[in-house]
Structures are given as C-alpha cells and as structure tokens.
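Residue-level listing of the chains:
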Amino acid sequence: MRVAIAGAGLAGLSCAKYLIDGGHTPVVLERRDVLGGKVAAWKDADGDWYETGLHVFFGAYPNMLQLLQELGIADRLQWKEHTMIFNQPTAPGTYSRFDFPDIPAPWNGIVAILRNNDMLTWPEKISFGLGLIPAILKGQSYVEEMDRYSFREWLKKQKVPPRVEREVFIAMSKALNFINPDEISATVLLTALNRFLQEKNGSKMAFLDGSPTERLCQPLVDYITKGGGEVRLQAPVKEFLLDDDGRVRGFLIRGDGGDELLTADAYVSAMPVDPLKLMLPKPWQEMEYFQQLEGLEGVPVINLHLWFDRKLTDIDHLLFSRSPLLSVYADMSNTCREYANPDKSMLELVLAPAADWIGKSDQEIVEATLGELEKLFPQHFGGNNPAKLLKYHVVKTPRSVYKATPGRQQHRPHQTTPIANFYLTGDYTMQRYLASMEGAVLSGKLTSEAINSNLGSA
Ligand SMILES: Cc1cc2nc3c(=O)[nH]c(=O)nc-3n(C[C@H](O)[C@H](O)[C@H](O)COP(=O)(O)OP(=O)(O)OC[C@H]3O[C@@H](n4cnc5c(N)ncnc54)[C@H](O)[C@@H]3O)c2cc1C
C-alpha cells in the first residue's frame, strides 16, 4: 500500500523505514531542501558543518539504538565516559563531575550523586533522595500524575531545599526542554531521572561521528529508497484535501510550476505540531481530538557554533554550563570525529531560555555568549593574548520541541486519529520518551504499527 508522509524529520523517516519493513511503499514529502527537521545541518563555504541543535544520544534510547543497529550504523555513535560534567560558577574555569561507577543501576547513579560533594551538601542529597522515593516506588503512573506541578512546585511539595534546584536542576531543565524549573512540568525531569536510575547505562551519552543529516538521515533515505519508497525534498504539503466523508483524498504539494495532487492509501503528518495546527481542514477543527493540539506550542531555542584560534578545552564530553544565558555545550573538535581539530576549538552551544533572544541579531547573541565564555574559560579570555573568535554560525528555531509546561501530557495526541486514513507522528505525539530524537523515532515506529494493523502488512 502507498503511504504519503508530510515531513522528513526523524519521526517521518523512521515511520517510512518501518512501513518498508511492513511491505508498504512510503512517499516522504519534505518542505525544505534539507533532511532532518530539528536535526538538520548545513555545510558552510569552508566545508564546516553547522547544525540546528547540539544533539546527544543516551543509553536510555532503546528505539534509536535498535534503529541504528537495523541500519548497520551503530558504530557511528561515539560513546563517552559515563559521567556528567558541570561548570562551577563560583570557581570559574573548573568543573564538577558525577562519575558513574561500573556497577548495576540504581547503585551507579546513587554512588555518582553521593561522591559529588562540590554541588550538594549531605543534608541536601538526603532530602532530595527522600523526595524521590514516591517516584521510585510508584514508577511511571506517579510520574505522569506529577504533570500537575512545575518541577519547582514538586521540589517544594517534597520539601527539597531550593538550593538543589539552583545547583543541579536549572541546568537539567534547560537541557531537557530549554526552559527553567519554574516552568517545566515535573513529569519531564522525573521521567528522565527514572530512566537514568533504572538503567545502568541510561545516562551514558554519545555523539554522532558527523552531521545528523549525512550520518543519520541519509542512511534512512537509502533504506527507504532501496525498499521501493521515495523521499522528496522541496515538496511542501500545502493542504490536506478531503472527501465528502471527511477522509483524506490527497496531499496538495506546492510546486513552482503549479500544485500537484498526491494520492495514497493512507496519509501521515510528520510535521511539527505548530504548522500542523495551521493546516487542519475546517471540519477537523471542530473535533475534540484535533482541538487538544491547541495546548501544544513549540519553545524557542538558539544553537551557536563558535570557531576559535586555539584549543579552549580538551574535554571530550557534553558540558552543563550553569550559565544564566546558556544551557549545555560541547567542544565538537573533541567530541565528533568529522569535526575534529587537534589545534582549534569549535564550541557548539545551546542558548536557553531563548524567548528574550530569538528576535535579536546574530551579532548581539554572539557578543553576549562571548561574555559568558569569559566566565567559563577565564584562562583563555583574560590576559594580553585572549582567544580570538575566527567565525560563527547562529541557528534560531523560534518553535522547536513543544514547551513541556504542567498539564501538557493530556494534550499529546495518539498516533491514530479519528480520520480513518490519516495518522500523526512526531516527538510531540504520545509516547513515553519526551520530545527528543528517541521520542521521534519511537513515534514513527508506533505510527507505522498502527498503519500496518489497519492496512495489514503486505
Ligand atoms: C537546539 C536543539 C537541541 C536538541 N538536543 C537534543 C538532544 O541532545 N537529544 C535529543 O534526543 N533531542 C534533542 N533535540 C530534540 C530533537 O531534535 C527533536 O525532538 C526531534 O528531532 C524531532 O523530530 P520530529 O521528526 O518529531 O520533528 P522535526 O524534526 O521538526 O521534523 C518535522 C519535519 O516536517 C517538515 N515540515 C513542516 N511543514 C511541512 C509541510 N507543510 N510539508 C512537508 N514537510 C513539512 C519540517 O521541515 C521538518 O523537516 C534538540 C532539538 C533542538 C532544536
């Protein structure tokens, strides 16, 4: 059966891959001239890559890891030491680490927390541990119930001292959803903590060995094409055309030489939730299922790439900046094989929360970031020979993953819609892995399973 999919992000491509496995023929239509959506990357005139986002893979990503195995590209993940590294604002230029020993979960996580004495005192660790007990004992149902609270409210409810939030969870919250603990749903952080505490390698991190577009999305396209499917770039879906009975009759694709009608046996939106909401046909807008999407909206985020004339650090890992302006960052000249440079650093940094910055010029954003780097690397920016910025790229995403404030879980739709031949996929749809690459891949798989069971595997 032929299945038309709007969107070649990870969800759309993973859906197409698993439809091929089910014996179907997917046609993926991508609006832009680049694959990957929020993992898209571009090469500049010097041949250097720059990306929509600094992307980290976790041990707790079973669906992504399985997909990479199935594509024969699992060796493209460069696994790092099992540790989490934080900058120390009170001691500029130094780091504090949570080192996970090679013992079973949850003991490796507990030992990592207990051994770190820079960030939390013993009474703070104990009160946080006690606060977490209901989440550990009651599991995911308790975690879902806590969607009523922001993480800050949850910490208060569990009588955890506010310093725990400041020291550890501002950084974690910004890394997970680009917002602060007073805004983020408790469910998001508790879900991550639960995975990290339950799985020995859950918090172990890996970087891809090159650009996600070439090293992750292209193999998916090759697989889809080899299986008889198609992926078309610069093919924006302009409208979902309906039959008299409200089912989809076709996707209308905007083209230079006029619009094109594409018909199929089933249709999938793999678009982000914001453009999807704008494209809902009138009759669907009255339906409760589609109305729930009104509760979801993408959060702004900015990704920066700064090339320097020297090495700023030799750390081969993700770093939690603990800066009010920045979230996580990495020296990609150390972490990523294709971006490697033994003499010069390329810092890739996420600026979040970005609501106040998304409208500013690239130059203003870079200047503010350099101000923060002076605090993170005082040894390289002070003195009479400070590090020189050679060039930069700034990528703004005004609406990225859905903003996971309290109460969002009930707005996340199931992949099966009330329209018999129309499905949704995407990181925002309901699946157990938050808005992430893992969530996108899992949602694609769930959508393909729903289609396989409705249309039957060939
Ligand atoms: C700065 C940043 C850092 C991140 N860091 C991490 C990380 O470290 N780890 C992690 O797991 N996740 C991370 N993420 C999240 C991750 O990138 C996303 O959750 C995931 O890539 C979303 O995939 P998706 O397929 O659901 O949506 P998208 O990637 O948004 O794909 C949707 C696609 O639909 C296309 N489209 C839109 N409208 C149309 C139309 N009319 N017709 C045809 N196509 C259309 C878009 O162009 C896009 O290609 C990060 C995201 C950002 C922005």
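Here the structure is shown first, and the text comes after it.
Cut-offs used in this document
- Within each chain, residue numbers correspond to sequence positions counted from 1 in written order.
- Reporting in this predicted model follows two pLDDT cut-offs: at least 70 for local features of residues, and 80 or more for side-chain atom pairs to be given and counted; totals over whole chains, interfaces and linings ignore these cut-offs and use all residues.
- The side-chain values count all of the structure's non-hydrogen atoms but skip hydrogen atoms and water molecules.
- Axis angles are defined between N-to-C directions and span 0 to 180 degrees, where every axis is a line fitted to C-alpha atoms and, for a helix, only to the segment in contact.
- Note on conventions: DSSP H or I runs of at least 4 residues are helices, E runs of at least 2 residues are strands, and numbering of each starts at the N terminus.
- Every angle not falling under 35 degrees, over 145, or within 65 to 115 is termed oblique; those three ranges are roughly parallel, roughly antiparallel and roughly perpendicular.
- The criterion used for residue contact is that any of the two residues' heavy atoms lie within 4.5 Å.
- Buried Ala, Val, Leu, Ile, Met, Phe, Trp, Tyr and Cys residues form a nonpolar core when they are joined through side-chain atoms within 4.5 Å.
- Throughout, exposure labels follow a simple rule: accessible area from a 1.4 Å probe, protein chains only, divided by the maximum for the residue type, with under 20% read as buried, over 50% as exposed, and the rest as partly exposed.
- Nearness here has a simple test: a residue counts as near a molecule or strand if at least one of its heavy atoms is within 4 Å of that partner.
- Under this definition, polar contacts are N or O atom pairs within 3.5 Å; protein pairs additionally need one hydrogen-donor-capable and one acceptor-capable atom, and for neighbouring residues in sequence, both atoms have to be side-chain atoms.
- Per-residue accessibility takes into account occlusion by the displayed protein chains alone, with areas from the Shrake-Rupley method and a 1.4 Å probe.
- Here the nonpolar group is Ala, Val, Leu, Ile, Met, Phe, Trp, Tyr, Cys and Pro; Asp, Glu, Lys and Arg are the charged ones; every other residue, Gly included, is treated as polar.

Colleague: Help me understand the packing of helix α4 (residues 122-138) against helix α8 (residues 186-198) in this model?
Modeller: For any two helices packed against each other, one specifies the inter-axial angle together with the distance between the axes. Where α4 meets α8, the axes come as close as 11 Å, and the angle between the chain directions of the two elements is 90 degrees. Judged by the inter-axis angle, α4 sits roughly perpendicular to α8. In this structure, α4 contributes Phe128, Leu132, Ala135 and Ile136 to the contact, and α8 contributes Leu190, Leu193, Asn194 and Leu197.

Colleague: For this particular structure, what's the right way to read the nonpolar core?
Modeller: Across soluble globular proteins, nonpolar side chains have a tendency to be buried as a group. Core analysis: the biggest nonpolar cluster contains 123 residues, and Leu10, Trp154, Leu190, Phe251 and Phe422 have the highest contact counts within it. Examining the composition of this core, we find that eight residues originate from one element, helix α1 (residues 10-21), more than from any other.

Colleague: It is not clear to me how unusual backbone geometry should be interpreted in this structure. Could you clarify?
Modeller: As a rule of thumb, non-glycine residues mostly have phi less than zero, and peptide bonds are mostly trans rather than cis. Residues alanine 105 and proline 106 are joined by a peptide bond in cis, for which omega reads 0 degrees. Looking at the secondary structure, you find proline 106 in the loop between β8 (95-99) and α3 (107-115). With an omega dihedral of -10 degrees, the bond running from alanine 352 to proline 353 counts as a cis peptide bond. Structurally, proline 353 can be placed in the loop between β18 (346-351) and α14 (362-376). Backbone geometry at lysine 159 places phi at a positive 60 degrees, although glycine is not the residue there. Tracing the backbone shows lysine 159 in the loop between α6 (151-157) and α7 (162-177). Since its relative accessible area comes to 69%, lysine 159 is described here as exposed.

Colleague: Please clarify how the site of the ligand should be interpreted in this entry.
Modeller: The immediate surroundings of the ligand are formed by 34 residues, with Glu30, Lys38, His55, Tyr61 and Asp427 found nearest. In the model, an oxygen atom of the ligand is placed 3.2 Å from a nitrogen or oxygen of the leucine 10 main chain. Residue valine 56 places a main-chain N or O atom 2.8 Å away from an oxygen atom belonging to the ligand. Considering the ligand on its own, with 1000 Å² of exposed area, one finds that the protein chains cover 94% of that surface. Per-class residue counts for the shell around the ligand are 19 nonpolar, ten polar and five charged.

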